[in-house]
Amino acid sequence: MTMNVVGKKTPRIEGPEKTNGSLEYAADLKQSSYLWGKTLRSPYPHARIISIDTSQASKLEGVKVILTGKDHPHLMGRMMRDLPVLAIDKVRFIGERVVAVAADSLDTVNQALELIHVQYEELEPAYTVDAALRHDAPLIHESPQSYPGAFSHPDQPELPNLCSYGRWTHGDVDKELRVSDRVISNTFYTQKEHHGYMETHACMVDVGTDGITNVWASNKSPHLLRMQLAATFEIEPTSVRVHPMPVGGDFGGKGSPMDVPVAYLLSKHAGKPVKIVMTYQEELLAANSRHPSKITVSTGVTSQGNLTSLQVDAVFDGGAYGAFKPAPNINLHGLEQAGSCYRFTALDVTSHIAYTNTLPSGHMRSPGGPQINFAIESHLNIVASELGIDAYQFRRKNLLRQGDLAPNEEKWGTIKAIEVLDAAAEKIGWGTPKGPHVGRGIAMYERGPIGGDSSCQIVVHTNGNITLFVPVADPGQGAYTAMQQIIAENLSISPNRIQVKAAPTDQLPFDLGVSGSRVTFALGATVMEGLKTIKNHLLELTGSEDFDQGYSALCDHFEGDAIIDAYKSVPIFPDPPSTEFTAQAAEVEVDVETGLVRVTKFISAHDVGTIINPEGHRGQILGGAIQGIGMALVEEHLIQDGKPITLSLADYKIPNIADIPEFEVVYLPRNEGPGPYNSGAIAEAANVPSASAVANAIQDAIKLPVCQLPVTAERIYSMTHQNNVEEEGNE
């Protein structure tokens, strides 16, 4: 099918505003007579609040409102509401909000915070999952199952400080392990990470005298934010109007209410709009992060190298609260994809998420995915090594083939796992000679989009131009441009005639928000539904679906601009089931004297349907993979005695332009996909296996198992020199 707009290079619709600086973010907002808000945060990881003295702060000129949790005991969260808007009786992590202040200026707010005195009684903390889950551990939450939205699994064990538990099974793992020729087990560790977005959390809230609350926030899910705010304060969702704002980066971190409930309380009591903008120090101190993990993987394998069964026991550090997880089971969906590329006949996967006295963990780019992928893909490398089989050939032998059922018993239409593996291996030069301390690694992943209901409004103007109103923000992935292209292609018009605007929550019924590689799929399907309605009208009015010939008749019929509303119930998972496969391969050089690693080449091979915007698609791949390289080598949100010690981007390391390797993207086209024009998912697909590929390349270079991320220079130096000492001692 020849297309004129879809699949073609198309400039980003918001590009000019971003490049000339005129695009307005939440932190840029100003309203007449607005106040600045800020919170005093806890200096202790676990303590009881004895008293709060705000008398001196309240006398400061310009201070309008001072609020405490004792007077306003509200709980917030994305699904499980276990996080106080302001600490009520005790604090559970360093950085927890204790007192909120609103004043005429930011300087006055900061001065007021310095004048507030809080008396605490320190309590015994639990900083790690091992400490938190022991039978005599101090209780971080006395009764976590009593919180609104809490989830209890029928097999949930009786353990202290257990936030959530999950289990996914298929077949008889114990039987398969018993009949396997070998059972190999390894334990892996991953780190806490911050998302590293450029824009910090910011919001403005205006609780109006008309009973309507207007909210502007750096949040990717406006309709869910409205529902979360309404649930927190037990108000009607229709009384909250959320205005979607451009979001300066997300990666999973901009889906929570964050400071919006605080601004709501301050505005309600001050009678004025209140603006709160977090500093980056506050982001690193108190915003949600990726869950650190300890994952034990056991596999059964035959003497011929065939995998039989997979057993995974994952323990995640959830931090002090579960409020930043939006899944109904308060768990991480990445666990559901454990080993999903391979022909396991049985699997048993368990997930424990523990409360600890550290900053809360939440969703970050494919929650749980990079952690479980690193554990399994690294484990497979170790298994291949122990069996004396090449890591690439071992994977190839065990990958799913066309017609196979996935380990979770889903039957996917197209399976190109072997094809993407072969492409990545060929491009990286697998099996060709390489220099000393040079290693090559490879890793697999599969990912399809998720759906969920969506809505939109298409306005056909009398001049033939179109405005599309959408219910979501664009955190930078280019969704607005993709929608523009879909409309232009469908109606055979120029993209320049189409505007895309975000609609407040009272203009459109609902949308699940930006997550799970869903927007092109779910919103795209909804836009296509609206376009179908337009063409039906054109056919009835003019006898033809030709837009340019019929838009005047359409507008005459509507007596002005034609307003077309569309709502579509999109299945959470594509029906029929669909996924796309990714293979990534890395080449590294390791300086064994210093431990320094340099990624010299990176291949990302993808099984793809129609690509709506080639430049945007490639950008998603490069950005995702580079973020994964950061997870592999440098990114770590270090916590010491409950306190984050990387409190600036000078200390929290992320990859920069000097770290970007030679990069090649390989596409293996398919003729099917769940989205408009047979499009598929890409965002998480390019990010999840990247760290695994780099770690496996390092293993190949140093000939030692890599079981912990990040693989820093210090860690490699320790591994190689310890190994040398042990070898010398055995001589």
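Refer to the structure presented above.
Residues numbered from 1 in each chain as written. Predicted model: local features only at pLDDT ≥ 70, side-chain atom pairs only at ≥ 80, totals over all residues. Heavy atoms only, no water.

Engineer: Can you break down the overall build of the chain residue by residue, with the values?
Structural biologist: Regarding its fold elements, the chain presents 17 helices and 27 strands. Taken against the 2.2 N^0.38 rule, which gives 27 Å for 731 residues, the C-alpha radius of gyration of the chain at 27 Å falls within 12% of a compact globule. Considering only C-alpha atoms, the chain reaches an extent of 80 × 75 × 50 Å along its principal axes. A total of 731 residues make up the chain; the buried ones form 60% of that total. Across the chain, every contact between residues at least 6 apart in sequence was considered, and the portion connecting residues at least 24 apart equals 80%. In the structure as shown, the chain presents an accessible area of about 27,900 Å², 49% of it carried by carbon and sulfur atoms. On the chain, the mean spot of the 58 positive side-chain charges and the mean spot of the 86 negative ones are 1 Å from each other. (Helix = DSSP H or I, 4+ residues; strand = E, 2+ residues; numbered from the N terminus. Rg over C-alpha atoms; globule rule 2.2 N^0.38 Å. Buried < 20%, exposed > 50% of the residue type's maximum accessible area, 1.4 Å probe, protein only. Contact = heavy atoms within 4.5 Å. Areas by Shrake-Rupley, 256 points an atom, 1.4 Å probe, with all protein chains shown as cover. Lys, Arg positive; Asp, Glu negative; His and termini not counted. Charge placed at Lys NZ, Arg CZ, Asp CG, Glu CD.)

Engineer: Any details on the environment of alanine 354? Residues and values, ideally.
Structural biologist: Here alanine 354 shows up in strand S17 (residues 346-354). Here alanine 354 is in contact with Val129, Leu133, Asn161, Cys163, Phe316, Asp317, Gly318 and Gly319, once residues within four sequence places are set aside.

Engineer: Let's hear about the packing of aromatic side chains: which residues, and what values?
Structural biologist: The full count for this structure, using the stated rule, is 10 aromatic pairs. Judged by centre distance (5.8 Å) and plane angle (75°), the rings of tryptophan 412 and phenylalanine 581 are edge-to-face. With tryptophan 412 in the loop between helix H10 (391-398) and helix H11 (417-428) and phenylalanine 581 in strand S23 (residues 580-590), this residue pair connects regions lying 169 residues apart in the sequence. Of the two residues examined, tryptophan 412 and phenylalanine 581, each falls in the buried class. (Phe/Tyr/Trp six-rings, centres within 6.5 Å; stacked < 30°, edge-to-face > 60°.)

Engineer: How would you sum up the sheet that holds strand S7 (residues 97-103)? Please name residues and give values.
Structural biologist: Ordered by their spatial adjacency, 7 strands build an open sheet running S3-S7-S1-S14-S11-S12-S13, and the pairing between neighbours is mixed. Of all strands in the sheet, those with a lone pairing partner are strand S3 (63-68) and strand S13 (240-244), marking the two edges. Pairs of neighbouring strands in the sheet enclose a mean axial angle of 20°, with direction left out of account. Relative to the sheet, helix H3 (residues 106-114) contacts strand S1 (35-41), S3 and S7, its axis offset from that of S1 by approximately 25°. Sheet strands in contact with helix H6 (residues 222-233) are strand S12 (213-217) and S13, and its direction is about 150° off that of S13. (Pairing = 2+ DSSP bridges. Axes fitted to C-alpha atoms, helices over the stretch in contact; angles between N-to-C directions.)

Engineer: How would you explain the side chain of arginine 78 if you had to name every residue and give the values?
Structural biologist: Take arginine 78: it is sitting in the loop between strand S4 (75-76) and strand S5 (83-84). The charged side chain of arginine 78 is buried without a salt bridge, its nearest counter-charge being aspartate 250 at 7.1 Å. Here the side chain of arginine 78 touches glycine 255 through a polar contact of 3.2 Å, landing on its backbone oxygen. (Salt bridge = Lys/Arg side-chain N within 4 Å of Asp/Glu carboxyl O. Polar contact = N/O pair within 3.5 Å; in protein donor to acceptor, adjacent residues only side chain to side chain.)

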